[in-house]
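Descriptive structure summary
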Amino acid sequence: MLVTFNEATVKSRSGYVWHTRPQVAGASRTALRNIVGPFRPGPTQAAAQATTPEQCFRLFITNEIVNTVVEWTNVKIDQVARKYKNKTATVRPTTAAEICALLGVLVFSGYIKDNHLNTKELWCPVAGAPFYRAAMSEGRFSFLIYCLRFDDMATREERRVDDNLAPIRSVWDMFMAACEKHYTPHEHLTVDEQLLAFRGNCPFRMYIPNKPAKYGIKIVMANDVKSKYLLKGIPYLGRRGGQPRDGLQLGHIFTRDLTRPYHNTNRNVTTDNWFTSVPLSLDMLHNCGMTLVGTLRANKSEIPEVMKDKNSRRNGTSAFMFTKDMTLVSHIPSAQKRNKKNVLLLSTMHTQPTVNIENGKPEIIDFYNGTKGGTFDQMCAQYSCSRKTNRWPVCMFYGMINAAVINSWVIFKANNDRVGGKKMKRRQYMHEMALQLIKPNAQQCLNAPTQHKKVKAIITQVCSINPSGMVAGAGPSAAEMREPMVRCKKCESKADKKTRFRCHSCRQPVCQSHYYPYCCDCV
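Residues numbered from 1 in each chain as written. Predicted model: local features only at pLDDT ≥ 70, side-chain atom pairs only at ≥ 80, totals over all residues. Heavy atoms only, no water.

Below, the discussion takes up the overall build of the chain. Assigned secondary structure in the chain consists of 17 helices and 16 strands. Projected onto the principal axes, the alpha-carbon positions of the chain cover approximately 105 × 55 × 45 Å. Of the contacts made within the chain by residues no fewer than 6 positions apart, 62% connect residues no fewer than 24 positions apart. Accessible area of the chain: about 25,500 Å², with a carbon and sulfur share of 50%. Positive and negative side-chain charges in the chain, numbering 74 and 40 respectively, have mean positions lying 6 Å apart. (Helix = DSSP H or I, 4+ residues; strand = E, 2+ residues; numbered from the N terminus. Contact = heavy atoms within 4.5 Å. Areas by Shrake-Rupley, 256 points an atom, 1.4 Å probe, with all protein chains shown as cover. Lys, Arg positive; Asp, Glu negative; His and termini not counted. Charge placed at Lys NZ, Arg CZ, Asp CG, Glu CD.)

A separate point is the nonpolar core. Among the nonpolar cores identified, the biggest contains 118 residues, and Phe175, Ile217 and Ile401 are the most heavily contacted of them. Broken down by element, this core gets its largest block of residues, 16 residues, from helix α15 (residues 392–419). If near-sequence neighbours (up to four positions away) are discounted, phenylalanine 175 is found in contact with Phe60, Ile61, Ile65, Leu230, Met400, Ala403 and Ala404. (Core = buried A, V, L, I, M, F, W, Y, C linked by side-chain atoms within 4.5 Å. Buried < 20%, exposed > 50% of the residue type's maximum accessible area, 1.4 Å probe, protein only.)

Attention now moves to the packing of helix α3 (residues 96–111) against α15. Angle between the axes and distance between the axes are the two parameters that describe a pair of packed helices. Their axes nearest at 11 Å, the elements α3 and α15 cross at an angle of 75 degrees. Here α15 runs roughly perpendicular to α3, going by the angle between their axes. On α15, the residues that touch Leu103, Leu106 and Val107 of α3 are Phe397, Tyr398, Ile401 and Val405. In the contact of α3 with α15, the residues fall into 7 nonpolar, no polar and no charged. (Axes fitted to C-alpha atoms, helices over the stretch in contact; angles between N-to-C directions. Parallel < 35°, antiparallel > 145°, perpendicular 65-115°, else oblique. Nonpolar A, V, L, I, M, F, W, Y, C, P; charged D, E, K, R; others polar.)

Turning our eyes to something else, we now look at helix α17 (residues 453–463). Among the residues of α17, those classed as buried are Ala457, Ile458, Ile459, Thr460, Val462 and Cys463. If you follow the buried residues of α17, they end up packed against α5 (130–135) and α16 (426–447). Serine 464, located one to two residues past α17, shows a positive phi value of around 55 degrees.

For the rest of this paragraph, the subject is helix α8 (residues 169–181). Spanning 13 residues, α8 covers 18 Å between terminal C-alpha atoms, matching the ideal 18 Å at 1.5 Å per step. Buried-residue contacts for α8 involve α2 (63–81), β5 (183–184), β8 (215–224), β9 (230–235) and α15. (Expected span 1.5 Å × (residues − 1).)

Right, let's get into unusual backbone geometry. At lysine 113, a position not held by glycine, the phi torsion is positive, near 60 degrees. Residue classification places lysine 113 among the partly exposed positions, given a relative accessible area of 44%. Of note, the phi angle at lysine 214 is positive, near 70 degrees, even though the residue is not glycine. For lysine 214, the position within the fold is in the loop between β7 (206–207) and β8.

A few words now on the packing of α15 against α16. Where α15 meets α16, the closest approach of the two axes is 11 Å, and the angle between their N-to-C directions is 100 degrees. Classified by the angle their axes make, α15 and α16 are roughly perpendicular. For the pair formed by α15 and α16, the contact residues are Val405, Ile406, Ser408, Trp409 and Phe412 on the first element and Arg426, Tyr429, Met430 and Met433 on the second. For the contact of α15 with α16, the per-class residue count stands at 7 nonpolar, 1 polar and 1 charged.

Along the chain, arginine 387 turns up in the loop between α14 (375–382) and α15. For the buried arginine 387, no salt bridge is present, and the opposite-charge side chain at shortest range is aspartate 114, 6.3 Å distant. Among the polar contacts listed, one links the side chain of arginine 387 to the backbone oxygen of asparagine 115, at a separation of 3.1 Å. Residue contacts for arginine 387: discarding those within four places in its chain leaves Leu106, Asp114, Asn115, Leu117, Asn118, Thr119, Leu122, Phe141 and Tyr398. (Salt bridge = Lys/Arg side-chain N within 4 Å of Asp/Glu carboxyl O. Polar contact = N/O pair within 3.5 Å; in protein donor to acceptor, adjacent residues only side chain to side chain.)

So, on to the pattern of salt bridges. Pairs may arise between side chains of opposite charge once their charged atoms sit close together. Counted according to the given criterion, the structure contains 17 salt bridges. Linking aspartate 163 and arginine 169 is a salt bridge whose minimum nitrogen-to-oxygen distance equals 2.8 Å. Residues joined in a network through salt bridges with shared partners are Arg13, Glu305 and Lys308.

A separate point is the pairing of strand β6 (residues 188–197). Judged by how many residues are buried, β6 sits mostly within the fold: 8 of 10 residues are covered. The pairing of β6 with strand β10 (residues 268–271) spans 3 bridges and is classified as parallel. Opposite threonine 190, over in β10, you have threonine 270 as the bridge partner. (Pairing = 2+ DSSP bridges.)

Burial analysis of strand β12 (residues 317–322) places 6 of its 6 residues in the buried class, the great majority of the element. Two strands pair when backbone bridges link them, and strand β1 (residues 2–3) and β12 are joined in this way by 2 bridges, in the parallel orientation. In the sheet register, leucine 2 faces β12, and the bridge partner there is serine 318. Looking at chain direction, β12 and strand β13 (residues 327–332) are connected through 6 bridges and run antiparallel. Residue pairing for β13: methionine 321 is matched across the bridge by leucine 328. Between β12 and β13, which pair antiparallel and follow one another directly, the connecting turn spans 4 residues.

In structure tokens form, the structure reads like this:
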């Protein structure tokens, strides 16, 4: 039910004038500001050739990021190793393959949903998954997490004077550049906030009571509505790191900066009431070439008092007010019996007081519900790779891995749909990716002469590789071998089966029925 007003115009307490009738004539043609510029949404040319989970993931956690982590982690390892009298393999310098294996362990813990368990339980021979022991030892994993660094600690304090994010700034910027580079969003974007759970010491830790974690690091981010792809994220660094510019509110600054690569494309941005304001809507429309739809807080001075009054109106009613550029709607849901709720929304995309006949909601609210929501945050929490930590840069690094998994899955789906490849759910995708990430390091461990026989068997079982680097069951043919033909040690003598195959562990001759790739005794 629409609420009608007797006056032609209404003023707010700040003097802002609203009209009670639409200021733009309803037309069958799409308004010019709603005609989205020509572009092809989906993976860009730089990401179009990635077809395996590992290739898609490495678009975001790039070689440059991995090498940066290796460089500064080794600096920390060198400092820590000096305190050890006996230099074991646990305290050796790390490599790019091992850091990738570490990422594989974290991704696998998110896939199997046991990231909350301690390392004793993860590496337990009875209850733990063999994957962890195939990737690396428990001691090595804990040592690498302890030594994980992302910047030069010698110059950190100097950089911290101007930048609170100095301990992970370079890695974060590289990751954001990769996110922006590899995907072109659809016509609808959403700007929202994510809270990375963290209760340790951090100069910009936030308390947000309506979030599940309550305490953590706030990331303001822009996402593609259709695919949930993370386009860009900006950490909230507190007052020192986010002073308002030109008298603008922080929500205004964040929205404009996050959508900057997509200005003048006529895309729509959906925001919640922390961001939405009348100055932001006009700025996005006239200066940035984008429309905006968002909920509005009742304390804004541009809102007329009559739109805030909910006691004099019935349930299920909607009131509209207009300017040439904006539409303001006040809706009271019909299901409210006590403590009426007044929902205020502002739109520069809609110009008419259209109400859905089926549910009685204004078109603006239906559009908002379809394009806004904490879906990306929920997706991160569903298969989270994050582990408990006392260091906030590591917490942010875990957040980057979660975002990289989702973004790479979006790329993987789009590329495989284009070429007709196999489809994967995200959980299966994470499993395949984790296996591919640990394989290079597992191969090195398998070929190490000092590696324990049981560990080699686990690596062979989990990764399907043998000491020579071949997939299990796919070794050289008998014709390619130079071993003499001898009787198989595992078959009965009367069978008289001759073979050129040898067990890769004990070198005993075995026929093809016992060859995979160890003999049955060694496995």
